[in-house]
Amino acid sequence: MTAVSTLTGTIDSSALGRVLVHEHLFVLNEEYRYNYRPDFVEEDMIETAVEQLAELKAAGIDTIMDPTVLGLGRFIHRMKAVADRVELNIIPATGIYTYRDVPFPFTYVGPGLGYDVDRAPGQPADFMVDHFVNDLTVGIAGTDIRASFLKCAIDTHGLTPDIERILRAVAQAHLATGAPVTVHTDSHSRSGLLAQDVLEAEGVDLPRVIIGHSGDTKDVDYLRAVADRGSILGMDRFGHGGEEFGGFTFGDRINTIVALVEEGYSDRITLSHDNFVFADFYPPGEPRNRLEKDLTFLVVSQQAVPALLDRGVTQAQVDEMLIHNPRRYFER
Ligand SMILES: [Zn+2]
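Residues numbered from 1 in each chain as written. Predicted model: local features only at pLDDT ≥ 70, side-chain atom pairs only at ≥ 80, totals over all residues. Heavy atoms only, no water.

Engineer: Is there a simple way to think about a nonpolar patch on the surface in this case?
Structural biologist: A cluster of nonpolar side chains, F104, Y108 and Y115, forms an exposed patch at the surface whose accessible area comes to about 440 Å². Note that Y108 resides in the loop between α4 (104-107) and α5 (127-137). (Patch = residues over 30% accessible without salt bridge, like charges linked within 9 Å, V, L, I, M, F, W, Y side chains within 5 Å. Areas by Shrake-Rupley, 256 points an atom, 1.4 Å probe, with all protein chains shown as cover. Salt bridge = Lys/Arg side-chain N within 4 Å of Asp/Glu carboxyl O. Helix = DSSP H or I, 4+ residues; strand = E, 2+ residues; numbered from the N terminus.)

Engineer: How should I be thinking about helix α8 (residues 220-228) in this particular structure?
Structural biologist: In an α-helix, one turn spans 3.6 residues; hence positions three or four apart end up facing the same way. For α8, the set of buried residues is V220, Y222, L223, V226 and A227. Looking straight down α8, one finds that the buried residues subtend no more than 155 degrees of arc, so they occupy a single side. Elements in contact with the buried residues of α8: β8 (181-185), α7 (191-201), β9 (209-212), β10 (232-235) and α9 (250-262). A positive phi of about 105 degrees marks G230, the residue just after α8. (Buried < 20%, exposed > 50% of the residue type's maximum accessible area, 1.4 Å probe, protein only. Arc of directions from axis to C-beta. Contact = heavy atoms within 4.5 Å.)

Engineer: Where do I start with the packing of aromatic side chains in this structure?
Structural biologist: The description of two aromatic rings rests on the distance between their centres and on the angle between their planes. What the rule picks out here adds up to 7 aromatic pairs. Aromatic pair F238 and F250: ring centres 5.7 Å apart, planes at 65 degrees, arrangement edge-to-face. You can see F238 sitting in the loop between β10 and α9 and its partner F250 sitting in helix α9, a full 12 residues away along the chain. Taking 5.2 Å as the distance between ring centres and 75 degrees as the angle between the ring planes, the aromatic pair formed by Y329 and F330 counts as edge-to-face. Across the pair, F330 and Y329 agree in class, each one buried. An aromatic cluster is defined as three or more aromatic residues linked by ring pairs; in this entry it consists of F149, Y329 and F330. Here R37 stacks its cationic end above the ring of F40, 4.4 Å away from the centre of that ring. R78 extends its terminal NZ or CZ atom over the ring of F26, reaching a point 5.5 Å from the ring centre. (Phe/Tyr/Trp six-rings, centres within 6.5 Å; stacked < 30°, edge-to-face > 60°. Lys NZ or Arg CZ within 6 Å of the ring centre and 35° of its normal.)

On their own, these measurements won't tell you what the molecule is for.
Shown next as structure tokens:
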């Protein structure tokens, strides 16, 4: 029993229902959008999100975790406008998303970086931690909407000094608040293990960590190594595939999960799409500005779950992935 803050209020962890652990409403560089993307119309974005999330709720999903943080364009007022009109719970996050460098507001401010901020004894050395803790305990952007989990990233560039700084700040905010952690990782360079090393060295309890994008590989040895340290595997990109993913298919994603379940790992698997309603990662006119044809919020409920059941995964094991594992992730 742990209180979980959503965009529309606080609910108990036991009331989360079926959870998709990694979905975005909007992934936008707000500065870029404002200057160069008049095609992203505010009302249109909100309306489209409301429609898609209503469909998702009707498909049996009760809660999504939205790991959109600094670097991905988290804009809490637009997210709230959507949440107010859907029945689905949306859980916001705090943290920093980057593959190499911290955003400029952090580049020159911090321990040994030129502008050090006065720190009282007992406070964490890096003021970055304050940002995260404030979002988790007071509210985001002057609202009373609190984030409920922490997000950071480590991709193919590995553990750059700035990535290490963010991981350590995330760990310290976790220790201060008890909020769990989600890490964007690159499974091909096995960066989940590196993330675990840094977080563990800072004292993070690894079962409170989702190693995101673990479902992008068939390397079961790597996934076993991550899961054996207690972390939860984010099998969270259902609907993504094709050339961009080295020819990786829906079937590959299912096969990997079935193999892990057969070895007893169903208590460390979560499901999701890493989908978004609008993103500016693609050029104007590209259909993925809106939705890839075969990437919707419904692949998990309408295709993945039936495929898993077909392959001998039990309903109880599916419930672990969708209900019990996300719930336990939030519980201290
Ligand atoms: Zn994502």
